Amino acid sequence: MAKVFQAADATDLVTDLRRSFDAGVTRGYEWRVTQLKKLLLICDNHEPEIVSALHDDLGKPELESSVYEVALLRNSINLALKQLKDWMAPDKAKTSLTTFPASAEIVSEPLGVVLVISAWNYPFLLSIDPVIGAISAGNAVVLKPSELAPASSSLLSKLLEQYLDSSAVRVVEGAVTETTLLLEQKWDKIFYTGSSRIGRIIMMAAAKHLTPVVLELGGKSPVVIDSDTNLKITVKRIIAGKWGCNNGQACISPDYILTTKEFSPKVIDALKQELEAFYGKNPMESKDMSRIVNSNHFDRLSKMLEEKEVTDKIVYGGQKNRDKLKIAPTILVDVPLDSQIMSEEIFGPLLPIITLNNLEEIFDVIRSRPKPLAAYLFTQNQKLKERFAMTVSAGGIVINDIAVHLAVPTLPFGGVGESGMGSYHGKFSFDAFSHKKAVLYKSFIGDAAIRYPPYSRGKLRLLKALVNSNIVEIFKVLLGLS
């Protein structure tokens with residue numbers, strides 16, 4: 001029988017890791033590189049086990065598991081290994097006349113002991129990707145995987161314990177009790193991926209210790225379809241980004257479509273045609289789509305579909321099988337804007353289409369709702385692209401595709417407003433777990449008497465000129481002309 005994780009265990013865990021951090025175990029370049037290479041070994045040596053665990057937890061197809069989890073992790077690790085020396089190097093900073101002669105730099109300093117609480121929908125990617133950033137930045141780290149993906153959680157615990165330095169990297173499995181005990185501890189940063197409801201709980205717990213947080217949440221990510229688009233490619237990319245990414249169970253999944261009343265019949269017909277081409281006439285039997293994670297989420301999605309004034313809006317799909325945790329790709333048209341399906345993040349295979357009199361209305365519709373994690377636009381109209389990118393506030397914007405910004409390490413990934421705070425990926429992950437420490441080096445040469453008492457009007461004028469870097473005024477004061 002597994003040992004029960006108690007308050008004393010949480011305290012001892014943080015104490016042990018802090019002891020390792022204070023001893024400098026994690027700070028050196030060699031330690032960081034060694035741990036990153038071992039994470040790469042996990043990907044290389046255990047991909048079949050990872051794929052199997054993801055299938056057990058979510059029914060994920062092998063392609064989704066291998067490409068969207070393992071391959072993306074390999075890319076993150078390889079980038080960190082390639083760039084780490086540059087990331088760790090101090091950045092030179094300019095100085096001013098006020099401090100002359102002096103030099104300055106910005107040092108990336110590890111925060112200390114950090115906590116990563118990950119999500120169930122991409123349990124390997126969303127667990128290890130933040131850990132890559134934490135290790136690259138030189139921190140000790142505790143990973144708390146999601147209990148809703150038990151096979152993945154168990155495998156993560158086993159592999160990280162087997163490969164990584166346990167004096168500085170630990171995994172704690174469990175559910176609400178274990179997470180609560182961890183949140184009672186003082187951390188130097190908490191990185192959470194999940195729902196906004198739990199995000200608020202995380203933030204309240206962090207506030208007790210003034211602990212900074214990164215919250216990777218979600219929201220209702222809109223997809224705008226202009227009539228001036230390549231419709232066939234548009235719907236293929238929407239399907240791939242919705243049902244082809246964990247069956248809609250993704251934080252950046254398309255949540256609803258906005259298009260005009262005039263163009264919507266063509267969008268619906270194209271979606272139906274391509275969905276059948278992708279998943280067959282009976283998508284419930286398709287092996288190329290994940291299942292719903294558990295019965296609670298199945299019931300939540302069913303409740304959305306069964307709501308009054310929503311059921312009769314289904315134009316495609318709607319089939320369900322609770323025993324198999326399967327819901328067919330479902331398209332709905334013009335559901336009430338105050339319905340549950342339009343008020344909450346869907347996180348599943350349901351896709352409402354909201355029709356508008358003209359495309360100009362999209363901006364008011366999107367602006368009237370909490371800021372989403374992503375917003376998508378399909379158009380060939382250059383002015384519309386530019387206006388959408390400049391005026392729509394979202395964690396990220398993608399024009400003419402879905403979710404692909406996730407795979408670009410030079411772009412920050414994170415939310416804004418209720419979709420989250422903070423960002424990561426690539427160097428942004430390193431920065432998320434670093435303190436940017438200002439360092440100024442001053443010489444004993446050139447010590448100026450004007451900064452010391454007794455003060456005078458002349459000293460005041462000269463100091464003001466120096467602080468303002470006003471060369472002309474400095475010479476005027478020195479020459480007695482001011």
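Everything below is about the structure printed above this text.
In what follows, the accompanying structure is described. Everything numeric in this text was worked out from a predicted model, so none of it was measured. (Residues numbered from 1 in each chain as written. Predicted model: local features only at pLDDT ≥ 70, side-chain atom pairs only at ≥ 80, totals over all residues. Heavy atoms only, no water.)

**Remarks on the overall build of the protein chain**
When you go through the protein chain residue by residue, the secondary structure sums to 17 helices and 18 strands. The buried share among the 482 residues of the protein chain stands at 51%. Intrachain contacts of the protein chain at a sequence separation of at least 6 include 71% that bridge at least 24 residues. Counting every atom, the protein chain has about 22400 Å² of accessible surface; 56% of that belongs to carbon and sulfur. Treating the 56 positive side-chain charges of the protein chain as one cloud and the 54 negative ones as another, the clouds have centres 7 Å apart. (Helix = DSSP H or I, 4+ residues; strand = E, 2+ residues; numbered from the N terminus. Buried < 20%, exposed > 50% of the residue type's maximum accessible area, 1.4 Å probe, protein only. Contact = heavy atoms within 4.5 Å. Areas by Shrake-Rupley, 256 points an atom, 1.4 Å probe, with all protein chains shown as cover. Lys, Arg positive; Asp, Glu negative; His and termini not counted. Charge placed at Lys NZ, Arg CZ, Asp CG, Glu CD.)

**Examining helix α2 (residues 29-45)**
An ideal rise of 1.5 Å per residue puts 24 Å on 17 residues; α2 measures up with 24 Å between its terminal C-alpha atoms. Residues of α2 that are buried include every one of W31, R32, V33, Q35, L36, L39, L40, I42 and C43, and no others. (Expected span 1.5 Å × (residues − 1).)

**What about unusual backbone geometry?**
The omega torsion of the bond from F100 to P101 falls at -5°, within 30 degrees of zero and hence cis. Locating P101 in the fold gives a position in the loop between β1 (91-93) and β2 (102-110). Its identity as a non-glycine residue notwithstanding, F347 has a phi of 55°, on the positive side.

**Regarding the packing of aromatic side chains**
Across all of its chains, the model carries six aromatic pairs by this definition. Centre to centre, the rings of W87 and F430 are 5.7 Å apart; their planes meet at 45°, and the pair counts as tilted. Note that W87 is positioned in helix α4 (residues 62-88) and F430 in helix α15 (residues 427-432), a separation of 343 residues in sequence. The exposure class assigned to W87 is buried, which follows from its relative accessible area of 8%. Ring geometry for F191 and Y424: centres 4.8 Å apart, planes at 75°, overall edge-to-face. Note that F191 is positioned in strand β6 (residues 189-193) and Y424 in the loop between β17 (420-421) and α15, a separation of 233 residues in sequence. (Phe/Tyr/Trp six-rings, centres within 6.5 Å; stacked < 30°, edge-to-face > 60°.)

**Focus: the environment of V467**
Along the polypeptide, V467 turns up in helix α16 (residues 457-467). The class for V467 is exposed, based on a relative accessible area of 55%. For the pair V467 and L156, spaced 311 residues apart in sequence, the C-alpha to C-alpha distance is 55 Å.

**With respect to the environment of N321**
Along the chain, N321 turns up in strand β11 (residues 320-321). It is 8.3 Å that separates the C-alpha atoms of N321 and M284, two residues lying 37 residues apart in sequence. When residues no more than four places from it in sequence are discounted, the contact partners of N321 are M284, F298 and K326. Within polar-contact distance, the side chain of N321 engages the backbone nitrogen of D323 at 3.1 Å. (Polar contact = N/O pair within 3.5 Å; in protein donor to acceptor, adjacent residues only side chain to side chain.)

**Considering the packing of helix α3 (residues 47-58) against helix α6 (residues 150-163)**
Helix-helix packing is characterised by the crossing angle of the two axes and by the distance between the axes. At their nearest, the axes of α3 and α6 sit 7 Å apart, and the two run at 150° to each other. Of the possible angle classes, the one that applies to α3 and α6 is roughly antiparallel. In this structure, α3 contributes E49, I50, A53, L54, D56 and D57 to the contact, and α6 contributes P150, A151, S152, L155 and K158. Of the residues assigned to the contact of α3 with α6, the class counts are six nonpolar, one polar and four charged. (Axes fitted to C-alpha atoms, helices over the stretch in contact; angles between N-to-C directions. Parallel < 35°, antiparallel > 145°, perpendicular 65-115°, else oblique. Nonpolar A, V, L, I, M, F, W, Y, C, P; charged D, E, K, R; others polar.)

**Let's talk about the nonpolar core**
In this structure, L36, L39, F124, I135 and I190 are the most contacted members of the largest nonpolar core, which totals 105 residues. Residue contributions to this core peak at eight residues, all from α4. In this view, L36 contacts I77, A80, L81, L84, I132, I135 and S136; residues no more than four positions away in its chain are not counted. Judged by nonpolar contacts, the second largest core, of 30 residues, contains V335, M342, A375 and F388. (Core = buried A, V, L, I, M, F, W, Y, C linked by side-chain atoms within 4.5 Å.)

**Notes on the sheet that holds strand β7 (residues 213-216)**
The strand order across the open sheet formed by six strands is β5-β4-β3-β6-β7-β17, and the pairing between neighbours is mixed. Every interior strand has two partners, whereas the edge strands, β5 (169-171) and β17, have only one. Bridge count between strand β3 (residues 113-117) and strand β4 (residues 140-144): five bridges; the pairing is parallel. Bridged to V114 within β4 is V141. The strands touched by helix α8 (residues 196-207) within the sheet are β3, β6, β7 and β17, with β6 carrying the most contacts at an inclination of about 175°. (Pairing = 2+ DSSP bridges.)

**Considering the sheet that holds strand β15 (residues 374-378)**
Here we have seven strands laid out as an open sheet, ordered β10-β13-β14-β9-β8-β15-β16, and mixed in their pairing. Either end of the sheet is taken by a strand with one partner, and the two such strands are β10 (314-316) and β16 (396-399). Across the sheet, the mean angle from the axis of one strand to that of its neighbour is 25°, orientation sign disregarded. As paired elements, strand β9 (residues 254-260) and strand β14 (residues 350-356) share four bridges and run parallel to each other. Across the sheet, L258 pairs through a bridge with I354, a residue of β14. With respect to the sheet, helix α10 (residues 264-279) is in contact with β8 (221-225), β9, β10, β13 (330-333) and β14, its orientation differing from that of β10 by roughly 50°.

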